Amino acid sequence: QCRDLCFSRAKAAHDAQLTTLATALAMPVRHIVMFGIKEGTTEAQISTLKTGLAGLKSKIPEIKSFELGFDLKLKGGQTHPAGKNRSCSWAPTFDTKEAYEVYETHEAHIEVINDCIKPIIEPGTRAAIQYEVEE
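Fair warning: this is a prediction, and the values are worked out from it, not measured in the lab.

Novice: What exactly am I supposed to notice about the sheet that holds strand 3 (residues 88–94) here?
Specialist: Pairing between sheet strands relies on hydrogen bonds along the backbone, with the strands arranged either parallel or antiparallel. Across the sheet, four strands lie side by side as 2-3-1-4; this open sheet has antiparallel pairing. Both outer strands of the open sheet, strand 2 (63–70) and strand 4 (127–132), are each paired with one neighbouring strand and no more. With strand direction ignored, the average angle separating the axes of adjacent strands in the sheet is 10 degrees. Here six bridges tie strand 1 (residues 29–35) to strand 4, and the two strands are oriented antiparallel to one another. Within strand 4, the residue paired with His 31 across the bridge is Gln 130.

Novice: I keep staring at the packing of helix 2 (residues 43–59) against helix 5 (residues 107–117) and nothing clicks. Help me out?
Specialist: When two helices pack together, you describe them by how their axes are tilted relative to each other and by the distance separating the axes. Orientation of helix 2 relative to helix 5, taken along the N-to-C sense of each, is 180 degrees, at an axis distance of 10 Å. The angle between the axes of helix 2 and helix 5 places the two elements in the roughly antiparallel class. Between helix 2 and helix 5, the contacting residues are Thr 48, Leu 49, Gly 52, Leu 53, Leu 56 and Lys 59 on the first element and Ala 108, His 109, Val 112, Cys 116 and Ile 117 on the second.

Novice: Looking at this structure, I do not really get the pattern of salt bridges. What am I missing?
Specialist: Pairing is possible between side chains of opposite charge, provided their charged atoms come close. Applying the stated criterion to the full structure yields two salt bridges. Among the salt bridges present, the one from Asp 95 reaches Lys 64, with a minimum N-O distance of 3.9 Å. Here Lys 64 lies in strand 2 and Asp 95 lies in the loop between strand 3 and helix 4 (97–105), a separation of 31 residues in the sequence. On the basis of relative accessible area, Lys 64 is assigned to the partly exposed category, the value being 42%. Between Lys 97 and Glu 132 there is a salt bridge, with its nearest N and O atoms 3.8 Å apart. Here Lys 97, found in helix 4, pairs with Glu 132, found in strand 4; they are 35 residues apart in sequence, far enough to count as distant. Taking the relative accessible area as the measure of exposure, Glu 132 reaches 39% and is therefore partly exposed.

Novice: Sorry if this is basic, but what is going on with unusual backbone geometry here?
Specialist: Keep in mind that most residues, glycine aside, have a negative phi and that most peptide bonds are trans. In this structure, Lys 73 is a non-glycine residue whose phi angle is positive, near 60 degrees. Assessed through its relative accessible area of 53%, Lys 73 is described here as exposed.

Novice: Please explain the packing of aromatic side chains as it appears in this structure.
Specialist: A ring pair, where both rings are aromatic, is described by two values, the distance of the centres and the angle of the planes. If you walk through the whole model with that rule in mind, you get four aromatic pairs. When the centroid spacing of 5.0 Å and the interplanar angle of 45 degrees are considered together, the rings of Phe 94 and Tyr 103 count as tilted. On the basis of relative accessible area, Tyr 103 is assigned to the buried category, the value being 1%. Plain terms: the ring middles of Tyr 100 and Tyr 103 are 5.9 Å apart, the flat faces sit at 45 degrees to each other, and that makes the pair tilted. Here the residue Tyr 100 and the residue Tyr 103 both occupy positions in helix 4, the gap between them amounting to three residues, near one helical turn. Tyr 100 gets classed as buried once you look at its relative accessible area, which sits at 9%. Among the aromatic residues, those joined into a cluster by ring pairs are Phe 94, Tyr 100 and Tyr 103. Above the plane of the ring of Phe 70 lies Lys 50, whose end atom (NZ or CZ) is 5.1 Å from the centre.

Cut-offs and rules
Residues numbered from 1 in each chain as written. Predicted model: local features only at pLDDT ≥ 70, side-chain atom pairs only at ≥ 80, totals over all residues. Heavy atoms only, no water. Pairing = 2+ DSSP bridges. Helix = DSSP H or I, 4+ residues; strand = E, 2+ residues; numbered from the N terminus. Axes fitted to C-alpha atoms, helices over the stretch in contact; angles between N-to-C directions. Parallel < 35°, antiparallel > 145°, perpendicular 65-115°, else oblique. Contact = heavy atoms within 4.5 Å. Salt bridge = Lys/Arg side-chain N within 4 Å of Asp/Glu carboxyl O. Buried < 20%, exposed > 50% of the residue type's maximum accessible area, 1.4 Å probe, protein only. Phe/Tyr/Trp six-rings, centres within 6.5 Å; stacked < 30°, edge-to-face > 60°. Lys NZ or Arg CZ within 6 Å of the ring centre and 35° of its normal.

Put into structure tokens, the structure is as follows:
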């Protein structure tokens with residue numbers, strides 16, 4: 001009985017060390033999403049979007065950092081041969097793929113999508129990517 005208990009504790013400690021090592025070896029993940037904003041969107045709606053996205057960091061601890069930007073509407077970006085620039089870019093960074101996956105389905109993230117993004121997004125303009133960040 002004592003042997004089983006000692007074995008169980010040693011295995012748990014070993015598993016915890018492996019988890020810590022795997023996390024340490026994991027590369028950070030960045031998610032970038034860009035989308036256009038519909039004509040007629042109000043400044044109040046843009047402000048709500050900014051507040052909603054920036055507020056995710058305090059609600060979802062897996063977000064380690066983020067950048068939020070809005071297009072400067074420079075001529076080259078509006079008349080580019082491959083298409084017009086997107087209006088908004090949101091780029092949070094996570095420690096691991098698993099942390100990104102927590103964010104992806106988190107209630108606060110879904111709420112921002114439904115309440116702040118869906119009402120103003122120009123249909124067909126969303127583009128996103130997730131990739132490992134080499135440091």
